[in-house]
Amino acid sequence: MSTLTSDLSSEINGDIELGAGGANGSGDGRRVIAPRGGRRRIRSRVGRILMYVVLSVLLAVVLLPFIWMLSSSLKHDAEVLTVPIQWIPQTFVWSNYSQIWQQVPMAGYLMNSAILAVVITFLQVLTGSFAAYGFSKVRFPGRDALFLAYIATIAVPWQAYMIPQYIMMQNAGLTNTFTALILLQAFGAFGVFLMRQYYVTIPDELSEAARIDGLNDYGIWARIILPLSKPALASLALLTFVNTWNDYMGPFIYLSSNSLWTVQIGLRSFIGQYSAQYAMIMTGSVISIIPILVIFLAGQRYFIRGIATSGMKG
Amino acid sequence: MTTIAERRNAAQHDSPGQPGAASNRPGRSKARALRRRRILVGWSFILPNFLGFALFTLVPVIAAFVLAFMHWDAYNAPTWAGIDNFTRLIGDDSFHVALANTCLYALGHVPLTLAIALGLALLLNQKLRGIAFFRVAIFFPYITSLVAVAIVWNMLFNPTTGPVNQFLHLIGIADAPGWTASTTWALPAVIITSVWRDMGYYMVLFLAGLQAIPHEYYEAAEVDGAGRWQKFWNVTLPSLRPTTFLVLVLLSVSSFKVFDLIFVMTQGGPGRATLVLSQLIYQDGIINGQFGYSSAISLVLFVIVLIVTVFQFKLQQRRER
């Protein structure tokens, strides 16, 4: 077990350098995965155009469910599942996007999701980067054994310990509160792991120089390491935010009152209640994706880098 | 846990107030004070996260292992059960179904995702203007909300009027499958959806692997007169082996853990056609309150994940030799 996890982490360590190299190359998102080797250079113009055609067809196939979702969200219910498929609505029913707020408490759901995602992300990034400093820059006995305990729990499927977690929360009287979800998700091992892998790549000479200048460890963390690790912080923050926003099982198990529901739970119950309102269901789906799309487009290079460097969260 | 607690206690008891007690030489006591300070500083950084981690992850993980050997449900006090829960598993029909479905799912999901993700990575590992846009777009399904994905694919798979079957009719397949409404086709429908969702993620891992291959390898192969296929078989694939191994492990683990996508799409149905181990744990543990028995299923799930990982690890080691 220990050899296995250490092997996995060394493998991941290897990837980190690649991610960091890409990061140093340029701030341009396109360069994050800059071809270095193994590429095929396409010389002829015909070949290049053909390649774009192939890629565009591929893209259309992959994104087809989203296109269908968007088009259906602008239709009348009866027009959604027609034979043959209408890709463009006959009349654009924009009113779906105004009616949904009255039909279901969508604004409340969005608010709840946002609160949970922001609080959990903040705590995870803060405590994760703080602990990562202890694991990478301070040498003390028992440190590596402790880190191994962190990694080992990443390998245990979450389903395996959801029952004890649930019993604990039930006994603490915390079921049906945000507190339960925040406590369960804000101190994950993943954040510590991701940040630690990044901190290891920061040369110790930097912190030693700062120490000579009179900074203590807390000062080094705040003034040297934290500013240097902005890309890793961004990766962790974005991944945590999106994971929390998209989480279904956590809120599903712990939140029973409608007023606490997140977008995911609200959307799921919406299908149960109004199963024939296809267009409205699609409208809700589109609304639930928009925040993720915005965040993803704004920070896509951090997503890709975070995943390429950690290879975790599967 | 106990060792950590002891160590903390030890660190606190050896306060700098009584340095002379252990040693009279000032140099040594100074070194010890420094060491103690390191311990305190290190722990002060780790503690905020560790408190939450220990209480809400580490303790539940350990408890799950203990619970598996207990009789405990929502109505009765816990008693020691030995291996009772595990003998009960052997005769539990739902467990057999869930185990078989989980394995079938993994059998479909792992090779399909691996092959498609590798194919996409090879295709998108080119020097072409705007290639980053294609990569980002193909990655997007992975971070889309799961409920939205499940809802859309459920409708796409609608047996009579869904776009998928309309397309199948169009290309001449008159007897199109019933997908999520049919007991035989529900699992394939779920697999297709999850492959679509996951491929972008593993593509990113493969892209990272591909870009780590030194260009000199290809130049050397070209000097030796290797064609495109030979380069792929003799340079790309062998150099990608560490990445492929990582992807294989991550994919298998995630396949055996599969839960939420299936739960939202089919709720394990129709009948028990898509019931997987994770859902069984949820049903027995949280809905029916059989804490002990469901923990035994959790333990089985964990052991399966462990065996698969160790097996792949050994295989990788043998190949490298």
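Residues numbered from 1 in each chain as written. Chains lettered and ligands numbered in written order. Predicted model: local features only at pLDDT ≥ 70, side-chain atom pairs only at ≥ 80, totals over all residues.

1. Considering the overall build of chain B
Moving on, step 1. The secondary structure content of chain B amounts to 14 helices and two strands.
Moving on, step 2. Looking at chain B residue by residue over its 321 residues, the buried ones come to 42%.
Moving on, step 3. The contacts of chain B with a sequence gap of at least 6 include a subset with a gap of at least 24, amounting to 67%. (Helix = DSSP H or I, 4+ residues; strand = E, 2+ residues; numbered from the N terminus. Buried ≥ 20, exposed ≤ 12 C-beta atoms within 10 Å, placed from the backbone. Contact = placed C-beta atoms within 7 Å.)

2. A look at the overall build of chain A
Moving on, step 1. Summing up its helical and strand segments, chain A has 15 helices and zero strands in all.
Moving on, step 2. Expressed as a percentage of its 314 residues, the buried residues of chain A come to 45%.
Moving on, step 3. By sequence separation, contacts in chain A at least 24 residues apart represent 78% of the contacts at least 6 residues apart.

3. Considering helix α9 (residues 215–223) of chain B
Moving on, step 1. Burial runs low along α9(B): only zero of the nine residues are buried.
Moving on, step 2. Directly after α9(B), the chain includes G225(B), whose backbone phi takes a positive value near 80 degrees.

4. Details of the interface of chain A and chain B
Moving on, step 1. The partner chain B presents 86 residues to the 88 residues of chain A that form the contact.
Moving on, step 2. For the side of chain A that touches chain B, the element with the highest residue contribution is helix α15 (residues 278–310) of chain A, accounting for 12 residues.
Moving on, step 3. Its residues assigned to classes, the side of chain A that touches chain B comprises 58 nonpolar, 18 polar and 12 charged. (Nonpolar A, V, L, I, M, F, W, Y, C, P; charged D, E, K, R; others polar.)

5. Observations concerning the packing of helix α5 (residues 106–137) of chain A against helix α8 (residues 178–185) of chain A
In helix packing, the relevant descriptors are the interaxial angle and the interaxial distance, both defined with respect to the helix axes.
Residue and element names in this part refer to chain A.
Moving on, step 1. At a closest axis distance of 9 Å, the pairing of α5 and α8 adopts a crossing angle of 35 degrees. The handedness of the crossing between α5 and α8 is right-handed. On the side of α5, the interface is formed by I115, L116, V119 and I120, while α8 contributes F178, L181, I182 and Q185.
Moving on, step 2. Here the residues of the contact of α5 with α8 are counted per class, giving seven nonpolar, one polar and no charged. (Axes fitted to C-alpha atoms, helices over the stretch in contact; angles between N-to-C directions. Left-handed = near helix turned anticlockwise from the far one by under 90°.)

6. Some words on the nonpolar core
Residue and element names in this part refer to chain B.
Moving on, step 1. Counting 169 residues, the largest nonpolar core has A121, Y202, M203, V204 and F206 as the members making the most contacts within it.
Moving on, step 2. Broken down by element, the residue count for this core peaks at 17 residues, all from helix α8 (residues 186–211).
Moving on, step 3. Three or more residues apiece are contributed to this core by two domains, here domain 1 (2–67) and domain 2 (86–320).
Moving on, step 4. Residues contacting Y202, with those up to four places away along its chain left out, are T113, A117, V247 and L251. (Core = buried A, V, L, I, M, F, W, Y, C linked by C-beta atoms within 7 Å. Domains from an automatic or database assignment.)

7. Examining helix α6 (residues 146–156) of chain B
Moving on, step 1. Extensive coverage of α6(B) is indicated by the burial of 11 of its 11 residues.
Moving on, step 2. All of the buried residues in α6(B) are L146(B), V147(B), A148(B), V149(B), A150(B), I151(B), V152(B), W153(B), N154(B), M155(B) and L156(B).

8. Topic: the confidence of the model for chain B
Any segment with low pLDDT has predicted coordinates that should not be analysed in fine detail.
All names here are of chain B.
Moving on, step 1. Considering every residue of chain B, the mean pLDDT works out to 83; 91% of them sit at 70 or more.
Moving on, step 2. Here helix α1 (residues 2–13) stands out as the least confident element of chain B, with mean pLDDT 42; helix α4 (residues 93–124) is the most confident, with 93.
Moving on, step 3. In the model, residues 1–23 has pLDDT below 50 throughout and makes 14 contacts with residues more than four positions away in sequence or in other chains.
Moving on, step 4. On the interface metric, ipTM, the complex scores 0.78, and its pTM is 0.81. (pLDDT = per-residue confidence, 0-100.)

9. A short note on the environment of Y75(B)
Moving on, step 1. With respect to the secondary-structure elements, Y75(B) resides in the loop between β1 (70–71) and β2 (79–80).
Moving on, step 2. When the C-alpha positions of Y75(B) and G42(B) are compared, they lie 44 Å apart, and in sequence the two are 33 residues distant.

10. Topic: the environment of F241(A)
All names here are of chain A.
Moving on, step 1. Within the secondary structure, F241 is located in helix α12 (residues 230–246).
Moving on, step 2. C-alpha separation for the pair F241 and I295, spaced 54 residues apart in sequence, amounts to 9.2 Å.
Moving on, step 3. Not counting residues up to four positions away in its chain, the partners in contact with F241 are A117, T121 and I295.

11. Focus on the environment of N85(B)
Moving on, step 1. Position of N85(B) among the secondary structure elements: in helix α3 (residues 84–91).
Moving on, step 2. On a C-alpha basis, the gap between N85(B) and F69(B) in space is 6.8 Å, while along the polypeptide they are 16 residues apart.

12. Describing unusual backbone geometry
Moving on, step 1. Within the chain, N176(A) stands out as a residue other than glycine whose phi angle is a positive 65 degrees.
Moving on, step 2. Looking at where N176(A) falls in the secondary structure, it is placed in the loop between α7 (158–171) and α8.
Moving on, step 3. Within the chain, W179(B) stands out as a residue other than glycine whose phi angle is a positive 45 degrees.
Moving on, step 4. Mapped onto the fold, W179(B) is located in the loop between α7 (163–170) and α8.

13. Let's talk about the confidence of the model for chain A
Residues and elements named next belong to chain A.
Moving on, step 1. Per-chain confidence: chain A averages 79 in pLDDT, with 84% of residues scoring 70 or above.
Moving on, step 2. The weakest mean pLDDT in chain A belongs to helix α1 (residues 2–25) at 32; the strongest belongs to α5 at 92.
Moving on, step 3. Note on residues 1–39: pLDDT is under 50 here. Beyond four places in sequence and across chains, it has 73 contacts.

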